[in-house]
Amino acid sequence: MSWYKEAVCMRCGRPLDGKFYDACPKCAEESVNVNYRTIYDLSSAKLPAAETTQPGIYRFRDFYPLEDSDPVVSIGEGNTPLHRLERMGKQLGLEQLWMKDESKNPTMSHKDRLCSLIISKALAEKAPGITISSTGNQGAAAAAYAAVAGLPCVIFTTSNVSPSMKTLMQAYGASVFVTPSMADRGVIMEKLVRELSSSG
Ligand SMILES: [Zn+2]
């Protein structure tokens, strides 16, 4: 059972009434960007046991805005190793200094954690596809998880994108469009989101 209760618009505080993928109606004319704050009832919440049947980050599933029946799109993200940095810790005067090696995630990025959750929710909400504006690892992670979910993925990027990262996005099956500027990619993506939203 999720302890998540609701999301409210970060700008004006208006409840989003479960419509995660719509902009706040009150602020929509400013932008389609979704900016929300999540509210939880943690009065009976407990941290999960280390041993659980849920994989990786889904050990903490009750903290996520997922229904019990929602499927999860998971390819082994999370549970990345911790390495103790003894010499650097001594130099900094820190007895316990540890590094979390997020390169051990499926696409070698911590962005796999959030893309797993976002695309699980998109699948549950029957979203027609995934679109993202990215020049790096978040685009690659979104493309990989969209591919696992069987959802089309459209990524808007700029000419600053590294060739290897663009290749990675495409290798995961995303359609990648290079726009002339950062501002352009936002404008074009907004048009795509509005058209898909209005076509139901
Ligand atoms: Zn608002």
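Because the structure is a prediction, the values reported are computed rather than measured.

Draft legend 1. Looking closely at the domain arrangement of the chain. For the chain, the domain assignment lists domain 1 (1-45) and domain 2 (46-198). A straight line from the C-alpha centre of domain 1 to that of domain 2 covers 20 Å. Contact residues are listed per partner, giving nine residues for domain 1 and 13 residues for domain 2.

Draft legend 2. Here's a closer look at the sheet that holds strand β6 (residues 153-158). Pairing in this open sheet of three strands is parallel, and the strands run β5-β6-β7 from one edge to the other. Sheet topology places β5 (130-133) and β7 (175-179) at the edges, where each strand pairs with a single neighbour. Strand-to-strand twist across the sheet, computed as the mean angle between neighbouring axes with direction ignored, equals 20 degrees. When β6 meets β7, the two strands line up parallel, connected through five bridges. From the neighbouring strand, Ile-155 faces β7, where its bridge partner is Val-176.

Draft legend 3. Structural context of the packing of helix α3 (residues 137-149) against helix α4 (residues 163-171). Orientation of α3 relative to α4, taken along the N-to-C sense of each, is 15 degrees, at an axis distance of 8 Å. One way to sum up the angle between α3 and α4 is to call them roughly parallel. In this structure, α3 meets α4 at a crossing whose hand is left-handed. On the side of α3, the interface is formed by Gly-139, Ala-140 and Ala-143, while α4 contributes Met-165, Leu-168 and Met-169. When its residues are assigned to classes, the contact of α3 with α4 shows five nonpolar, one polar and no charged.

Cut-offs applied
Residues numbered from 1 in each chain as written. Predicted model: local features only at pLDDT ≥ 70, side-chain atom pairs only at ≥ 80, totals over all residues. Domains from an automatic or database assignment. Contact = placed C-beta atoms within 7 Å. Pairing = 2+ DSSP bridges. Helix = DSSP H or I, 4+ residues; strand = E, 2+ residues; numbered from the N terminus. Axes fitted to C-alpha atoms, helices over the stretch in contact; angles between N-to-C directions. Parallel < 35°, antiparallel > 145°, perpendicular 65-115°, else oblique. Left-handed = near helix turned anticlockwise from the far one by under 90°. Nonpolar A, V, L, I, M, F, W, Y, C, P; charged D, E, K, R; others polar.

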